[in-house]
Amino acid sequence: MNGWGGKRPNQTGRPKKPEGQRAQHQIRAYDDEWELIRRFAALVKHVDKSACEEAVRKLEAMQDR
């Protein structure tokens, strides 16, 4: 071998986040459903995850009636 290709010895790669990598999930949705899912995902990731959990609990409680 001539040592070409692959990772150089001084490379470390991208730093990993301490909480680990997010799992990838796939979902099928119509365009209008996807827009709602996308908006909710942004709220969960960037605004207030606990408030989103509470909102889901309330919606699920309404569904159980």
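## A closer look at the overall build of the protein
Step number 1: The helix and strand inventory of the protein stands at two helices and zero strands.
Step number 2: For the protein, buried positions account for 2% of its 65 residues.
Step number 3: For the protein, the accessible area works out to roughly 7300 Å², and carbon and sulfur atoms hold 52% of it.

## Digging into the packing of helix α1 (residues 31-46) against helix α2 (residues 49-64)
Step number 1: In the contact formed by α1 and α2, the axes pass within 6 Å of each other and the chain directions differ by 135°. Between α1 and α2, the angle falls in the class oblique. Here F40, L43 and V44 of α1 come into contact with α2, specifically with K49, C52 and V56.
Step number 2: Taken together, the residues that form the contact of α1 with α2 break down as five nonpolar, no polar and one charged.

## Describing a nonpolar patch on the surface
Step number 1: A cluster of nonpolar side chains, contributed by F40, L43, V47 and V56, occupies part of the molecular surface with about 320 Å² of accessible area.
Step number 2: Along the polypeptide, F40 turns up in helix α1.
Step number 3: On the basis of relative accessibility, which here comes to 35%, the residue F40 falls in the partly exposed class.

## Section: the layout of surface pockets
Step number 1: Taken as a whole, the largest pocket holds about 320 Å³ of empty space.
Step number 2: Taken together, R22, A23, Q24, H25, Q26, I27, W34, I37, R38, A41, A42 and K45 make up the full set of residues lining the largest pocket.
Step number 3: Per-class residue counts for the lining of the largest pocket are six nonpolar, three polar and three charged.

## Concerning the pattern of salt bridges
Step number 1: Applying the stated criterion to the full structure yields two salt bridges.
Step number 2: Across the pair E35 and R38 runs a salt bridge, and its minimum N-O distance is 2.8 Å. In this pair, E35 and R38 are both assigned in helix α1, three residues apart and thus about one turn of the helix distant.
Step number 3: A relative accessible area of 44% means that R38 is categorised as partly exposed.
Step number 4: For E54, the salt bridge goes to R57, with nearest N and O atoms at 3.3 Å. Pair noted here: E54 and R57 are both in helix α2, with a separation of three residues, about one helical turn.

About the criteria used
- Residues numbered from 1 in each chain as written.
- Predicted model: local features only at pLDDT ≥ 70, side-chain atom pairs only at ≥ 80, totals over all residues.
- Heavy atoms only, no water.
- Helix = DSSP H or I, 4+ residues; strand = E, 2+ residues; numbered from the N terminus.
- Buried < 20%, exposed > 50% of the residue type's maximum accessible area, 1.4 Å probe, protein only.
- Areas by Shrake-Rupley, 256 points an atom, 1.4 Å probe, with all protein chains shown as cover.
- Axes fitted to C-alpha atoms, helices over the stretch in contact; angles between N-to-C directions.
- Parallel < 35°, antiparallel > 145°, perpendicular 65-115°, else oblique.
- Contact = heavy atoms within 4.5 Å.
- Nonpolar A, V, L, I, M, F, W, Y, C, P; charged D, E, K, R; others polar.
- Patch = residues over 30% accessible without salt bridge, like charges linked within 9 Å, V, L, I, M, F, W, Y side chains within 5 Å.
- Salt bridge = Lys/Arg side-chain N within 4 Å of Asp/Glu carboxyl O.
- 1 Å grid on protein atoms, 1.4 Å probe; cavity = no way out; pocket = protein on both sides within 12 Å on 5 of 7 lines; lining within 4 Å.
- Points joined across faces, edges and corners; volume = space filled by probe spheres on them.

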